[in-house]
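Summary of structural features
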Amino acid sequence: MLDKKAKTAGVAGGIQSVDIALHLVGELARCDGPVTLSDLARRAGMPPSKAHRYLASFIAAGLVVQAGRSGKYDLGPAAMDIGLAALARHDFVNRSADSLPELRDATGMTALLSVWGTDGATVVRWERAPAPVITSMGLGTTLPLLTSASGRVFIGWSPPSAIRERLAKELELAKSNPTLAHREDFNEASVLALRESIRAAGYASVDGRFIPGLVAIAAPVLDWQGEAQCAITLIGTDPASVQPNGKAVSTLLDFCRNHSVTTRTSN
C-alpha cells in the first residue's frame, strides 16, 4: 500500500524516501497521543524495522520524541514549532473572503461572510448573485443568533462564553415578544437541541419565516480548536435550492472544509 503511493509520488517528481518519511510523520500527527512503534508502523503500512529507522532521524531532528519507559513516540518540539508557524500564517477570514466570488459563481446564490463582533454575527463581505436578492442586509449588518443561518453557525461552533450575553438578550426578547421569534419556543433547552442538530448536520439553515421570501444556509470555517472563525452563508429565493442533499449544501460544505484547519482524528 505505502510503496505504491510512494512510487506514484516519485514518478510525479518527488523523492520517494521523503514521501515515505512524510507519510509516517503524518500518521503520527493523526494519532490522539503517544503511540507504540508497532501501532504506528501498522497505521503507516510499513514494517516496524523500517519505521524505526525513519523515527530515529526524526528524533535527531527534534520532530519526534520518545517517552522513557513506555518507548512510545510522539511529536517533538520542532514539529510544534512548524505547526505554530503554519497556524500563525493561516488567515481564515481573508482567505475565505477572497474565495467568496468562486462560491457565488458555483452556486448562483448570494454569498456572505460574517465574523463574531461586539454585537453578534457581523457581515463583513458580500458577493451578490447575478440575480440579486432584495434584502436590507449589507456590509456591517449584525445578524441575530436564533433566527439567522449565520448566527446559528456561531451557536453551533462558538465557545458558549463568547455568545452567552447575546444569547441571553435574544432569549429574553423572544420570551417577551413571541411574534419576533415566529412562534418558536426558544429557551435554553431548545437552543441546546438546536446546537446539537446544527453540529450533526454540519451547517445551519433558516426558511422564509425569518427572512421573508428568502432561504439561507450557512457553515463554519473552523480553526485548529474546532471553533468558528467565520460563517459562510448562501442566500436564495428558492427553497428547493437549499435541500440537504442539494448542490448548494454540498458546495458550501466543501468550501468551508477547504478553508478550515483539518483537525486531528483517530482511525
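The text that follows walks through the structure, step by step, so that each part is easy to find. (Residues numbered from 1 in each chain as written. Predicted model: local features only at pLDDT ≥ 70, side-chain atom pairs only at ≥ 80, totals over all residues. Heavy atoms only, no water.)

**Considerations on the packing of helix H7 (residues 149-157) against helix H9 (residues 188-201)**
This is how the line gets drawn: Lines fitted to the C-alpha atoms define the axes, with helices restricted to the stretch that makes contact. Angles between their N-to-C directions range from 0 to 180 degrees. Note on conventions: DSSP H or I runs of at least 4 residues are helices, E runs of at least 2 residues are strands, and numbering of each starts at the N terminus. Any angle that falls under 35 degrees is termed roughly parallel, while one over 145 is termed roughly antiparallel, one within 65 to 115 roughly perpendicular, and all others oblique. Should any heavy atoms of two residues lie within 4.5 Å, those residues are counted as being in contact. Nonpolar residues are Ala, Val, Leu, Ile, Met, Phe, Trp, Tyr, Cys and Pro. Charged residues are Asp, Glu, Lys and Arg, and all others, Gly as well, are polar.
The interhelical angle for the contact between H7 and H9, taken along N-to-C directions, is 95°, at an axis separation of 8 Å. By the angle between their directions, the pair H7 and H9 is classed as roughly perpendicular. From H7, Arg152, Ile155, Gly156 and Trp157 reach across to H9, where they touch Val191, Leu194, Arg195, Ile198 and Arg199. For the contact of H7 with H9, the class distribution of residues is 5 nonpolar, 1 polar and 3 charged.

**Structural notes on the sheet that holds strand S3 (residues 110-117)**
Rule in force here: Pairing between two strands requires that DSSP report at least two bridges joining them.
One open sheet accounts for 6 strands, arranged S5-S4-S3-S8-S7-S6; its pairing is antiparallel. Whereas interior strands pair on both sides, the edge strands pair on one side only; in this sheet they are strand S5 (142-143) and strand S6 (204-206). Summarising the sheet, S6 and strand S7 (residues 215-222) pair through 3 bridges and their orientation is antiparallel. Each bridged residue has a counterpart across the sheet, and for valine 206 the counterpart in S7 is alanine 216.

**Considerations on the pairing of strand S4 (residues 120-127)**
Defined as follows: Only protein chains enter the accessibility calculation, which uses a 1.4 Å probe; a residue whose area is less than 20% of its type maximum is buried, one above 50% is exposed, and one in between is partly exposed.
Burial analysis of S4 places 6 of its 8 residues in the buried class, which makes it a mostly covered element. Hairpin connection between S3 and S4: a loop of 2 residues separates the two successive antiparallel strands. Both S4 and S5 contribute to a ladder of 2 bridges, which runs antiparallel. Bridge pairing in S5 places alanine 121 opposite leucine 143.

That's the geometry; what it means functionally is another story.
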